[in-house]
Amino acid sequence: MQQDALARARTGDPRAFEELARSEERALFRHVARLLGPVDAEDVVQDAFISAWRSLASFEGTSFRAWLFRIATNRAIDVLRSRKRRAELPLDPPADEPASWAEPADGGADLVEIAGNREALAVVEEALGSVPVEQRAALLLRDVEGFDYEEIARITASELGTVKSRIHRARLAVRNALVLRGWRGAAG
Amino acid sequence: MHPLADLSAHVDGALAPAAAAALDAHLGGCPACRAKLGELRSVASLVAALPAPRPRRSLVPRLAPPPLWLAPARALSVMASGIFVFAFLVSAVLAIDPSMGGGGKGGLLGPAPAARQAESAAGNLGGPAASAVVSAPGAAPSAPFAQGARDSAAVAAGASAAPAAKAPAQRLELGPSPFLWLGLALVSGALALALRRRLRPRA
């Protein structure tokens, strides 16, 4: 059905494009909102849709969804980079710098059993906010939106090894934040 | 040597088959790495479980041109809203004070002064009719005349009383209630606003 709407949109049918956009609106917004915050995300997503409509003729490939996410993610990162000129934001650490694992404290909740715990989710949300945006984007594209590593590499215009490193570092940062709040790791 | 950097990719099934097999072999004999793998898997679940923020409005741009009937419909609803507001104001004024209906304009002013005139005429006619009635019982030869006088006085009084009785009842109203016009004004105004939003270009 999406392929049919895409084919019609490519012939210049605006209603077909609106149909496609409606099907991706929520996912695109939740992704951009986690990169920028909800207020700026509304404008960025709307701009991304308009930009996609105007450049639909240049879309090549089969995944319209990945293409939309690429446009929206690039716009979000551009907005964040313009904010960097005004405020300090974490930069991507050098690739060869080893990621460190915080040591779990004794007596805390088992990390593997806390999925769904509201407090844990709040810690995860906070930890994600302090992770560099490229790592955050890669992790969200993987764990929330379900893209595979190859798609993420195309969306973020980066190498497969870079995607792998970013996802690992972002997950590790979140894991360390949880451990430092008293959660201990699984017994094994 | 613990292949910690490969753990996340292994969680995601993104390692090449040979690398995945080698890592599995390592995990079989390394509880520390198995624990870390479990932690990263839990983190992936937590990130996936984060509550999704929702937009406050629709973010899909309106790309299709609006239907041809939309602009005229909006113009009509704006006009209707104005007319209903005017009707509400007139209706409200008449409901509060019918005498404020205006000067020499026919239908609006007529009933109230006519009512007063009819009342005073009925009062004047009632005088002779009353004296005719009072004098009638005392004078038998004049009874038919008195009866006639009474009858004509009664007819005259009735005729003048009818307009007098009618005049207060002829209070001018514009529709059943001013709030009807107000309601219609609000409905047509809301329709005009909704159509205006639909007409506004989004791209």
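Higher on the page you've got the structure.
All residue numbers refer to position in the chain's written sequence, counted from 1. Chain A is the first chain written and ligand 1 is the first ligand written, with later ones labelled in order. It should be noted that, the model being predicted, local features are given only for residues of pLDDT at least 70 and side-chain atom pairs only at 80 or more, the latter also being counted only at that level, while totals for whole chains, interfaces and linings use all residues. To get the side-chain values, all heavy atoms of the structure are used, and hydrogens and water are removed first.

Caption draft 1: Just the nonpolar core, in detail. Nonpolar cores were defined as sets of buried Ala, Val, Leu, Ile, Met, Phe, Trp, Tyr and Cys residues, with membership established by side-chain atoms within 4.5 Å. The classification of residues rests on relative accessible area computed with a 1.4 Å probe and restricted to protein chains. Under 20% of the type maximum is buried, over 50% is exposed, and intermediate values are partly exposed. Membership of the largest hydrophobic core comes to 76 residues, with the highest contact counts inside it found for Phe17, Val32, Leu56, Phe64 and Leu178 of chain A together with Val47 of chain B. By definition, any uninterrupted DSSP run of H or I lasting at least four residues is a helix, any uninterrupted run of E lasting at least two residues is a strand, and each is numbered from the N terminus. It is helix α2 (residues 14–36) of chain A that contributes the most residues to this core, 11 residues altogether.

Caption draft 2: A look at a nonpolar patch on the surface. Residue and element names in this part refer to chain B. Here a patch means residues that are over 30% exposed by relative accessible area and free of salt bridges, tied together within 9 Å if like-charged and within 5 Å if nonpolar (Val, Leu, Ile, Met, Phe, Trp, Tyr). Under the convention used here, a 1.4 Å probe and the Shrake-Rupley method define accessible areas, while residue burial counts only the protein chains that appear. In what follows, salt bridge is the name for a side-chain nitrogen of Lys or Arg lying within 4 Å of a carboxyl oxygen of Asp or Glu. A cluster of nonpolar residues, Leu76, Met79 and Ile83, forms a patch on the protein surface that exposes about 340 Å² of accessible area. By the element assignment, isoleucine 83 lies in helix α4 (residues 70–96). Relative accessible area serves as the criterion here: at 54%, isoleucine 83 is assigned to the exposed category.

Caption draft 3: Local environment of the environment of histidine 10 of chain B. Residue and element names in this part refer to chain B. On the secondary structure map, histidine 10 appears in helix α1 (residues 7–11). Along the backbone, histidine 10 and leucine 40 are 30 residues apart, and their C-alpha atoms lie at a distance of 9.9 Å. Only heavy atoms matter for contacts: two residues are in contact if any of them lie within 4.5 Å across the pair. Residues within four places of histidine 10 in sequence aside, it is in contact with Leu15, Ala20, Leu23, Asp24, Leu27 and Leu37. Counted as a polar contact is a pair of N or O atoms within 3.5 Å, where, for protein atoms, one must be capable of donating a hydrogen and the other of accepting one, and residues adjacent in sequence contribute only when both atoms are in side chains. Side-chain polar atoms of histidine 10 contact the side chain of aspartate 24, separated by 2.8 Å.

Caption draft 4: Broad picture of the interface of chain A and chain B. Listed as interface residues are 49 residues of chain A and, on the opposing side, 41 residues of chain B. Once two parts are put together, the accessible area they lose, assessed with a 1.4 Å probe and summed over both, is termed the buried area. At the boundary of chain A with chain B, total buried surface from both sides reaches about 4000 Å², with 66% on carbon and sulfur atoms. Contact with chain B buries surface across chain A, with Glu42, Trp101 and Arg171 of chain A losing the most and accounting together for 17% of the total. Our count for the chain A to chain B interface comes out at seven salt bridges. Inspection of the chain A/chain B interface yields 15 residue pairs in polar contact (both at pLDDT 80 or more). Put simply, the parts of the chain that give the side of chain A that touches chain B at least two residues each are α2, α3 (38–54), α5 (118–129), α6 (133–143) and α8 (160–180) of chain A. Counting residues per element, the side of chain A that touches chain B draws most heavily on α2 of chain A, at 12 residues. Looking at the side of chain A that touches chain B residue by residue, the class counts come to 28 nonpolar, five polar and 16 charged. As a working rule, the residues Ala, Val, Leu, Ile, Met, Phe, Trp, Tyr, Cys and Pro are called nonpolar, Asp, Glu, Lys and Arg charged, and the rest polar, with Gly in that last group.

Caption draft 5: Quick look at the packing of aromatic side chains. Residues and elements named next belong to chain A. Note on aromatic contacts: the rings of Phe and Tyr and the six-membered ring of Trp form a pair at centre separations within 6.5 Å, being stacked when their planes are under 30 degrees apart, edge-to-face when over 60 apart, and tilted otherwise. Per the stated rule, a full pass over the model turns up seven aromatic pairs over all chains. Summarising the aromatic geometry, the rings of phenylalanine 17 and tryptophan 53 are spaced 5.3 Å apart at their centres and angled 55 degrees between planes, so their arrangement reads as tilted. One end of the pair, phenylalanine 17, is in helix α2; the other, tryptophan 53, is in helix α3, and 36 residues separate them in sequence. We classify tryptophan 53 as partly exposed; its relative accessible area is 22%. Where phenylalanine 17 meets phenylalanine 64, the ring centres are 6.1 Å apart and the plane angle is 90 degrees; that geometry is what we call edge-to-face.

Caption draft 6: Spatial organisation of the side chain of arginine 136 of chain A. Residue and element names in this part refer to chain A. For arginine 136, the location among the structural elements is in helix α6. Glutamate 134 provides the closest opposite charge to the buried, salt-bridge-free arginine 136, at an N-O distance of 7.9 Å. From its side chain, arginine 136 meets the backbone oxygen of arginine 34 in a polar contact 3.0 Å long. Among the polar contacts listed, one links the side chain of arginine 136 to the backbone oxygen of leucine 128, at a separation of 3.0 Å. A residue counts as positive if it is Lys or Arg and as negative if it is Asp or Glu; His and the chain ends are not included.

Caption draft 7: Here's a closer look at unusual backbone geometry. Residues and elements named next belong to chain A. Here alanine 157, not a glycine, exhibits a phi torsion of approximately 50 degrees, which is positive. One can find alanine 157 in the loop between α7 (149–156) and α8. By relative accessible area, which is 58% here, alanine 157 ends up exposed.

Caption draft 8: Region of the structure containing the state of the cysteines. Residue and element names in this part refer to chain B. Sulfur atoms of two cysteines make up a disulfide when they are within 2.5 Å. Using the criterion set out here, one finds zero disulfides over all chains in the structure. Of the cysteine sulfurs around cysteine 30, a residue in no disulfide, the closest is that of cysteine 33, at 3.5 Å. Judged by relative accessible area, cysteine 30 falls into the buried class, the value being 7%. Owing to a relative accessible area of 1%, cysteine 33 belongs among the buried residues under this scheme.

Caption draft 9: Structural view of α2 of chain A. Residue and element names in this part refer to chain A. In a regular helix each residue adds 1.5 Å, so 23 residues correspond to 33 Å; α2 covers only 28 Å between its end C-alpha atoms and thus falls short of that length. Counted residue by residue, α2 has 17 buried out of 23 residues, so it is predominantly covered. Between the side-chain oxygen of the N-cap and the backbone nitrogen of arginine 15 there are 3.1 Å, and the N-cap of α2 in question is aspartate 13. Phi turns positive, to about 105 degrees, at glycine 37, one or two residues after α2. An expected span of 1.5 Å times one less than the residue number is assigned to each helix.

What is shown is where atoms sit, not what they do.
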